[in-house]
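Residues per chain, in single letters:
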Amino acid sequence: MRWPAPVMTVLVLSILLAPSVGLAQDGAVKIGVLDDMSGPYSENTGPGDLLAVRMAVADFGGRALGKPIEVVSADMQNKVDVGVGIARRWYEQDQVDLIIGIPHSAIALGVVKLAEQTNRLVMPTAAATAELTGKACSAHSVHWVYDTYGQSKTIASAIVKQGGDSWFFITVDYAFGIALEQNASDFVKAAGGRVLGSARHPLNTSDFSSFLLQAQASKAKVVVMANGGTDITNAIKQAKEFGLDRGGQRLAGLLIQYPEVHALGLPTAQGLLMAASFYWDMSPEARAFTDRFTAAKGMPPTMIQAGTYGATMHYLKAVQAAGTDEAKAVMAKMKEMPINDFMTRQGRIREDGRVIRDMYLMQVKTPEESKGEWDLARIVGTIPGDQAFRPLAEGGCPLVKK
């Protein structure tokens, strides 16, 4: 049978344009690091996330599917329109296959929708809201490092057990802080405690006096910071200056990491509880990675930066196993493959996109206990992954079969 010329042309073009097995569809595997490069979250994420991605690419060999792996980066400026606009351009015009980082929950939620529309992938390693694996879950997204549910459960459960049964929140007023406050409130109430109130502040606030006066007036046993980065550092410093702790109120942070502890200093931060999925001194493998990272950046990796390395490496292994960078094929491989690295043992990506791994309850050391500049905390408890994160059936993820 002879095909008509127009039909034959279409067939030839279809064959030429079809993705070849073992080749990147758009000529290269391209990763975009969308992050806070200069703002309140930059110490925990930002340049360190970019370094982690570049280290993973180098360790992988620099090439995938026969092509060089490309890495691009941008500062999202903690503005939703800016962050989502960059992601749209990367996906639609620049052929970025994966966007990673995004330490702003509202931006991350927007990028997840874009990834679905463009058949790309997003791994918001730095974003916190548990909604990323709840009602806003997606077959194009993996929530790798931590979330508001796991952070809140780990800290709230420990403090209520220690007698801290009345709480007042100082909360950053956007999706991340609101989710932290809501998740922690649920755990406090479930444990028999009470929430006496909250005060919400804009991102990157320098003056917490009015919020702290409300907390002081509440007489709550625990004044908890539902924020992060420089906001949590400033809030705790000013709470100490106002004498909240001297008045019998306990200070706590739901997402404090050791760059904030370092900035506060051990005399101020000692005794604070931390929830983390990684600590740089937790194992010989973690210390080996830390040595390499510190040589380049001058400080140990945070849990977010360590997780960004692991997420990038897992993604590249999945691309290699799938023989393509097409999103659905790569996601299938990522969910099929176990996660084993210096940070995670026998981890897995659940149906809703949540990475299941152990979480650690940590406590900031006293100055006398510390043996060096970054010897800031010790692990005081381990929460198994299947207990640390929200049960699959409770998140409301549309991907989860009833």
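Residues numbered from 1 in each chain as written. Predicted model: local features only at pLDDT ≥ 70, side-chain atom pairs only at ≥ 80, totals over all residues. Heavy atoms only, no water.

**Student:** Can you walk me through the overall build of the protein in this structure?
**Tutor:** Counting its secondary structure elements, the protein contains 14 helices and 14 strands. For 402 residues, the compact-globule estimate of 2.2 N^0.38 gives 21 Å, and the protein sits close to it at 22 Å. Counting only C-alpha atoms, the protein reaches 90 × 40 × 35 Å along its principal axes. For the protein, with 402 residues in total, the buried portion stands at 57%. For the protein, long-range pairs separated by at least 24 residues make up 70% of all intrachain contacts whose partners lie at least 6 apart in sequence. (Helix = DSSP H or I, 4+ residues; strand = E, 2+ residues; numbered from the N terminus. Rg over C-alpha atoms; globule rule 2.2 N^0.38 Å. Buried < 20%, exposed > 50% of the residue type's maximum accessible area, 1.4 Å probe, protein only. Contact = heavy atoms within 4.5 Å.)

**Student:** Help me understand the packing of helix α3 (residues 80-92) against helix α4 (residues 105-118) in this model?
**Tutor:** In a packed pair of helices, the relevant descriptors are the angle between the two axes and the axis-to-axis distance. For the pair α3 and α4, the least separation of the axes is 9 Å and the interaxial angle reads 20°. As far as their axial angle goes, α4 and α3 are roughly parallel. Both α3 and α4 take part in a crossing whose hand is right-handed. From α3, V80, G83, V84, A87, R88, Y91 and E92 reach across to α4, where they touch A106, I107, G110, V111, L114, A115, Q117 and T118. (Axes fitted to C-alpha atoms, helices over the stretch in contact; angles between N-to-C directions. Parallel < 35°, antiparallel > 145°, perpendicular 65-115°, else oblique. Left-handed = near helix turned anticlockwise from the far one by under 90°.)

**Student:** How do you make sense of the packing of helix α2 (residues 46-60) against helix α12 (residues 303-322) when you look at a structure like this?
**Tutor:** The N-to-C vectors of α2 and α12 enclose an angle of 35°; their axes lie 8 Å apart at closest approach. Between α2 and α12 the crossing geometry is right-handed. Taken together, the residues of α12 that come into contact with α2 (itself represented by G48, D49, A52, V53, M55, A56, V57, D59 and F60) are I304, Q305, T308, Y309, T312, M313, L316, K317 and Q320. Here the contact of α2 with α12 is built from residues that sort into ten nonpolar, five polar and three charged. (Nonpolar A, V, L, I, M, F, W, Y, C, P; charged D, E, K, R; others polar.)

**Student:** Would you take a moment to explain the side chain of Q305 for this structure?
**Tutor:** Examined against the element boundaries, Q305 turns out to sit in helix α12. By relative accessible area, Q305 is classed as buried at 0%. Those residues within four positions of Q305 in sequence are excluded, and the remaining contacts are E43, N44, T45, G48, D49, A52, F293, K297 and P300.

**Student:** How should the nonpolar core be read in this particular structure?
**Tutor:** Nonpolar side chains in soluble globular proteins tend to end up buried together. Counting 113 residues, the largest nonpolar core has W167, Y315 and M334 as its most contacted members. In terms of residues, this core owes the most to one element, α12, which gives ten residues. V84, W90, L114 and L132 belong to the second-largest nonpolar core, a separate cluster that totals 20 residues. (Core = buried A, V, L, I, M, F, W, Y, C linked by side-chain atoms within 4.5 Å.)

**Student:** Would you mind going over the pairing of strand β1 (residues 29-35) with me for this structure?
**Tutor:** Working note: regular strand, side chains alternate between the two faces of the sheet. The buried count for β1 comes to seven of seven residues, which makes it a mostly enclosed element. Covered by surrounding structure in β1 are V29, I31, V33 and D35 together with K30, G32 and L34, the residues of both alternating faces. Two strands pair when backbone bridges link them, and β1 and strand β3 (residues 67-75) are joined in this way by seven bridges, in the parallel orientation. Residue pairing in the sheet places I31 in a bridge with V71 of β3. By the bridge criterion, four bridges tie β1 to strand β4 (residues 98-101) in an arrangement that is parallel. Bridge pairing in β4 links I31 to L98. (Pairing = 2+ DSSP bridges.)

**Student:** Help me understand the sheet that holds strand β14 (residues 377-383), please; the structure alone is not making it clear to me.
**Tutor:** Across a sheet, paired strands are connected by hydrogen bonds in the backbone, their directions being either parallel or antiparallel. Pairing is antiparallel in the open sheet, where three strands are placed in the order β10-β13-β14. Edge strands, defined here as strands with exactly one partner in the open sheet, are β10 (273-276) and β14. The mean inter-strand angle of the sheet, taken between neighbouring strand axes irrespective of direction, is 30°. Summarising the sheet, strand β13 (residues 359-364) and β14 pair through six bridges and their orientation is antiparallel. Pairing of Q363 across the sheet is with R378, part of β14. Here helix α5 (residues 148-161) sits on the sheet in contact with β10, β13 and β14, set at roughly 150° to β10.

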